[in-house]
Amino acid sequence: MNQGFSIGGNTNKVTYFTSLNSTEIRGMSQITPPNENVKYEEDRFSRLNYLLKLGCIASEKLTIDFFGNFDRINNDFDGTFDNTETNDTDLNSSKSEQIRFGFMPKYKYDKGIFVLNSGFTKIGRSYNDFNSFSNTVGFSQYDSRSINVDGYNKYQFSKSFFLVAGAQYQFHDMKSETPYSSIAKENTKFNMIDPYFTGIYSSDFGLNINSGARLNIHSQYGNQLVYNLNPSYDFKSFPLKVLASYSTAFVTPSLYQLYSEYGNKDLTPEKNSTVEAGFELQFLNKKVILNTVGFYREQTNFIGFYTNPVTYASNYVNINGKNNAKGIETELSLALNEKIKLNSNYTFTQVDEALDRLIPKHKVNSALDFYISSRTFFTVSYQYVDSRNDAFFDGFTYTTQKVTLGSYQLLNSSIRYELMKSRITLFGAVTNIFNADFVENIGYNTRGRNFKLGLNINL
């Protein structure tokens, strides 16, 4: 069940918006029973979100925006799936709270604008987790803090070229208390400083170039440089646009991977580079749009988890070697008339064995939108997900077992009707119409057919 409300408005120099949203889910277990004759207890989930935004026009050139939000999640959970049929329990529960606030001043001047984004985030998570070996319920508490300050300047040198340059600062720390270890926040912190720039060139004859670079200066693992180049050309005499890109990136080790009881302070980031090339075709005054992009991604320094088979000591490690993923994505948009529109996309992905987990080789999404009237909108969507490889820890043999998850198809629909234009809207939705029995992650539950009815009121 979902419910919520929001209030917003403005005066001459002040804008405001506040909202409250609540979600409650009951009636299903987190993990899947081994067969239909076994009934697992339900695991309840509830979420509460508060949001407040304020904006102030200080002068013709300066505006300042403020935000604050609070999120709370309470949920029950079962033990990690390991096929022993002993992990269903009503003793496990967790609570998560997040507080965020910040402000964003913007200063406009001739040919440019300066923006400062800033924010503070505090997250607390607690767990009551049943231990079957000691037959007790252990308590764990994890807390983290983050500070983010990002200032950049956009300057329009000419009609065809503008440059964005700035710098970002981040600070993160955490602490934890578990039945197995205690980690102080003084020993689990790092900071990053990232100077960066992006240049955009758009010509009158169809050539467009987007290029940029960022230097990540990290207090724990040193410096990382990433960059990108994205040229494209729009043929003026023919409805064809060709595009290409080359970019590099990295994945930062998390605080948990660096400092937890399984942490490794010598970890370095995962690195990857991606090449893309494709085209876009438009016909019949943009009623038919077809775009296709092929990609190739190369990854090194993968972060994995290692357990010593003799001592059972475990920690995160960097894995040597190179892995790649490649594929093609294509999307077709058809405006059959003013009221009916079809959107469909297909993705083909092929990955090396080290990356081959929960990645389907073939995936299709389609949606048919139908504007029945000016106040009534109906849509039906279809999804096909090909078979995927997964793995789980076998509680009987104490080994990791690989498994193949079957493909599945889902059909969903929704309808929306404006009972009073721009004021009162009725809506309804049905997901998994044919009640398909499918698996997204081995051992964990998925929802069958679901119905949703609701009402939106704008005062």
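Conventions used here
Residues numbered from 1 in each chain as written. Predicted model: local features only at pLDDT ≥ 70, side-chain atom pairs only at ≥ 80, totals over all residues. Heavy atoms only, no water. Helix = DSSP H or I, 4+ residues; strand = E, 2+ residues; numbered from the N terminus. Buried < 20%, exposed > 50% of the residue type's maximum accessible area, 1.4 Å probe, protein only. Areas by Shrake-Rupley, 256 points an atom, 1.4 Å probe, with all protein chains shown as cover. Salt bridge = Lys/Arg side-chain N within 4 Å of Asp/Glu carboxyl O. Contact = heavy atoms within 4.5 Å. Polar contact = N/O pair within 3.5 Å; in protein donor to acceptor, adjacent residues only side chain to side chain. Patch = residues over 30% accessible without salt bridge, like charges linked within 9 Å, V, L, I, M, F, W, Y side chains within 5 Å. Pairing = 2+ DSSP bridges. Core = buried A, V, L, I, M, F, W, Y, C linked by side-chain atoms within 4.5 Å. Phe/Tyr/Trp six-rings, centres within 6.5 Å; stacked < 30°, edge-to-face > 60°. Lys NZ or Arg CZ within 6 Å of the ring centre and 35° of its normal.

*Asks:* When you look at the overall build of the protein chain in this model, what are you seeing that I'm missing?
*Replies:* A count of helices and strands for the protein chain gives one helix and 24 strands. Principal axes of the C-alpha set define a box for the protein chain whose edges measure 70 × 55 × 50 Å. Residue burial in the protein chain is summarised as follows: out of 459 residues, 28% are buried. When the accessible surface of the protein chain is totalled, it reaches about 28,000 Å², and 56% of it is carbon and sulfur.

*Asks:* Hey, could you run me through the pattern of salt bridges in this one?
*Replies:* Any two side chains of opposite charge can pair, so long as their charged atoms come close to each other. Going through the model one piece at a time under the given rule, you end up with nine salt bridges. Residue arginine 214 pairs with aspartate 194 through a salt bridge whose shortest N-O separation is 3.3 Å. Of this pair, arginine 214 sits in strand 11 (residues 207-218) while aspartate 194 sits in strand 10 (residues 189-202), and the two are 20 residues apart along the sequence. The class of arginine 214 is partly exposed, set by a relative accessible area of 24%. Overall, aspartate 194 belongs to the buried group, its relative accessible area being 5%. The closest approach of N and O atoms between glutamate 418 and lysine 421, which form a salt bridge, is 3.6 Å. Shared partners join several salt bridges into a network, and the residues in it are Arg72, Lys95 and Glu97.

*Asks:* Looking at this model, I keep getting lost on the environment of arginine 449. Mind explaining?
*Replies:* Residue placement: arginine 449 occurs in the loop between strand 23 (424-431) and strand 24 (450-457). Between the C-alpha atom of arginine 449 and that of asparagine 389, which follows or precedes it by 60 residues, the distance is 25 Å. When near neighbours in sequence (up to four residues on either side) are disregarded, arginine 449 contacts Val430, Thr431, Asn432, Ile433, Phe434 and Asn435. A polar contact of 2.7 Å, which involves the side chain of arginine 449, links it to the backbone oxygen of isoleucine 433.

*Asks:* Help me understand the environment of phenylalanine 103, please; the structure alone is not making it clear to me.
*Replies:* Inspection of the secondary structure assignment puts phenylalanine 103 in strand 5 (residues 93-109). Counting along the chain gives 14 residues from phenylalanine 103 to asparagine 117, while the straight-line C-alpha distance between them is 6.5 Å.

*Asks:* What am I meant to see in a nonpolar patch on the surface here?
*Replies:* Side chains of Ile147, Val149, Tyr169, Ile193, Leu215, Ile217, Leu225, Tyr227, Tyr246, Val275 and Tyr296 sit close together on the surface and give an oily, nonpolar patch of about 870 Å² of accessible area. Those elements that provide at least two residues to the nonpolar patch are strand 7 (136-156), strand 11 and strand 12 (222-234). With respect to the secondary-structure elements, tyrosine 169 resides in strand 8 (residues 161-177).

*Asks:* In this structure, what is going on with the pairing of strand 16 (residues 314-335)? I would like to understand it.
*Replies:* As a general feature of sheets, a regular strand has side chains that alternate between the two faces. When strand 15 (residues 288-307) meets strand 16, the two strands line up antiparallel, connected through 19 bridges. Note on strand 16: the bridge partner recorded for glycine 304 is valine 317. Looking at chain direction, strand 16 and strand 17 (residues 340-351) are connected through 11 bridges and run antiparallel. Note that in strand 17 the partner of glycine 327 across the bridge is threonine 349. Taken together, strand 16 and the strand that follows it, strand 17, pair antiparallel across an intervening segment of four residues.

*Asks:* Got a minute to help me understand unusual backbone geometry in this structure?
*Replies:* What is expected of a backbone is that most residues other than glycine have negative phi and most peptide bonds are trans. Although it is not a glycine, asparagine 432 sits at a positive phi angle of roughly 50°. Of note, asparagine 432 is situated in the loop between strand 23 and strand 24. The phi angle at asparagine 435 is positive, at roughly 55°, despite the residue not being glycine. By the element assignment, asparagine 435 lies in the loop between strand 23 and strand 24. The class for asparagine 435 is partly exposed, based on a relative accessible area of 40%.

*Asks:* Looking at this model, I keep getting lost on the pairing of strand 18 (residues 362-371). Mind explaining?
*Replies:* In this sheet, strand 18 lies alongside strand 17 in antiparallel orientation, the contact comprising nine bridges. Each bridged residue has a counterpart across the sheet, and for lysine 341 the counterpart in strand 18 is aspartate 369. Bridge count between strand 18 and strand 19 (residues 376-385): nine bridges; the pairing is antiparallel. Paired with asparagine 365 across the two strands is glutamine 383, which belongs to strand 19.

*Asks:* Could you clarify how one ought to interpret the nonpolar core in this entry?
*Replies:* Among soluble globular proteins, nonpolar side chains are generally buried collectively. Counting 12 residues, the largest nonpolar core is built from Met174, Phe190, Met192, Tyr221, Val226, Phe250, Leu255, Leu258, Tyr259, Leu267, Ile303 and Tyr316. Listing elements by their share of this core, those giving two or more residues are strand 10 and helix 1 (255-259). Per-element accounting of this core gives the leading share, three residues, to helix 1. Sequence-distant contacts of phenylalanine 190, that is, excluding residues within four places in its chain, are made with Gln170, Phe171, His172, His218, Ser219, Gln220, Pro253, Leu255, Leu258 and Tyr259.

*Asks:* Is there a simple way to explain the packing of aromatic side chains in this structure?
*Replies:* The description of an aromatic ring pair rests on the distance of the ring centres and on the angle between the ring planes. Throughout the structure, instances matching the rule amount to 16 aromatic pairs. Aromatic pair tyrosine 227 and tyrosine 246: ring centres 6.1 Å apart, planes at 40°, arrangement tilted. In this pair, tyrosine 227 is assigned in strand 12 and tyrosine 246 in strand 13 (residues 240-251), connecting sequence segments 19 residues apart. For tyrosine 246, a relative accessible area of 33% translates into the label partly exposed. Ring pairs connect the aromatic residues Tyr109, Tyr155, Phe157 and Phe161, which therefore count as one cluster. Across from the ring centre of phenylalanine 162, 4.4 Å away, lies the NZ or CZ of lysine 154, which sits over that ring.

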